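Survey of secondary and tertiary structure
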Amino acid sequence: MPEIDDRLKNFVDFLGTQPMAPDLTYDEVAQSTSRAELGISSLSILILVNNYIEEKADGKIALRPEWVPMLDEVEGILSVIEEIDAGAPVEV
């Protein structure tokens, strides 16, 4: 059995908490390469990333313009989320 990618699991778990996100499984996301394949519109991914920032970084990080082109590909989305997590304040 392949090892679960923590970044992918984190993203799929987060999507499951968002009312406007499609209901996607880990396998569906793992087998996709683009946001469009996941059925997520360009506006929805921006909203999802903003919601992720609000939840994980308490709004202390802003959506960066250089992230926008990265959000077309699953790997780019995972990289953005990883960057947000790296810059998020550590909970004590």
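Scroll up to find the structure.
Residues numbered from 1 in each chain as written. Predicted model: local features only at pLDDT ≥ 70, side-chain atom pairs only at ≥ 80, totals over all residues. Heavy atoms only, no water.

Next up on the list: helix α3 (residues 42-56). For α3, which comprises 15 residues, the first-to-last C-alpha distance of 21 Å matches the rise-based estimate of 21 Å (1.5 Å per residue) to within 8%. Residues of α3 that are buried in the fold lie against α1 (6-15) and α4 (74-87). Asp58, located one to two residues past α3, shows a positive phi value of around 50°. (Helix = DSSP H or I, 4+ residues; strand = E, 2+ residues; numbered from the N terminus. Expected span 1.5 Å × (residues − 1). Contact = heavy atoms within 4.5 Å.)

With that settled, the discussion passes to the packing of α3 against α4. Contact geometry of α3 with α4 gives a least axis separation of 10 Å together with a crossing angle of 20°. It follows from the interaxial angle that α3 and α4 lie roughly parallel. Judged by the twist between their axes, the crossing of α3 over α4 is right-handed. Touching Ile45, Val49, Tyr52, Ile53 and Lys56 of α3 are Ile77, Val80, Ile81, Ile84 and Asp85, all from α4. Grouping the constituent residues of the contact of α3 with α4 by class yields eight nonpolar, no polar and two charged. (Axes fitted to C-alpha atoms, helices over the stretch in contact; angles between N-to-C directions. Parallel < 35°, antiparallel > 145°, perpendicular 65-115°, else oblique. Left-handed = near helix turned anticlockwise from the far one by under 90°. Nonpolar A, V, L, I, M, F, W, Y, C, P; charged D, E, K, R; others polar.)

With that settled, consider the packing of aromatic side chains. One pass over the full model with this rule turns up one aromatic pair. Taking the centre distance of 5.0 Å and the plane angle of 85° together, the rings of Phe14 and Tyr52 count as edge-to-face. In this pair, Phe14 sits in helix α1 while Tyr52 sits in helix α3, placing the two residues 38 residues apart along the sequence. The exposure class of Phe14 is buried, given its relative accessible area of 4%. (Phe/Tyr/Trp six-rings, centres within 6.5 Å; stacked < 30°, edge-to-face > 60°. Buried < 20%, exposed > 50% of the residue type's maximum accessible area, 1.4 Å probe, protein only.)

Moving on: a nonpolar patch on the surface. Taken together, the side chains of Met20, Leu43 and Ile47 define a hydrophobic patch exposed on the protein surface, amounting to about 260 Å² of accessible area. Within the element layout of this structure, Met20 appears in the loop between α1 and α2 (26-30). (Patch = residues over 30% accessible without salt bridge, like charges linked within 9 Å, V, L, I, M, F, W, Y side chains within 5 Å. Areas by Shrake-Rupley, 256 points an atom, 1.4 Å probe, with all protein chains shown as cover. Salt bridge = Lys/Arg side-chain N within 4 Å of Asp/Glu carboxyl O.)

A separate point is the environment of Ala62. Among the secondary structure elements, Ala62 is positioned in the loop between α3 and α4. In the structure, Ala62 is positioned 20 residues away from Glu82 in sequence and 14 Å away in space, judged by C-alpha atoms. With residues near it in sequence (within four places) discarded, Ala62 still touches Ile53 and Trp67.

As a further point, take the side chain of Gln18. Note that Gln18 resides in the loop between α1 and α2. The class of Gln18 is buried, set by a relative accessible area of 11%. A distance of 3.0 Å separates polar atoms of two side chains, one belonging to Gln18 and the other to Thr17. (Polar contact = N/O pair within 3.5 Å; in protein donor to acceptor, adjacent residues only side chain to side chain.)

Note that every value here comes from positions in space, so none of it alone points to a role or purpose.
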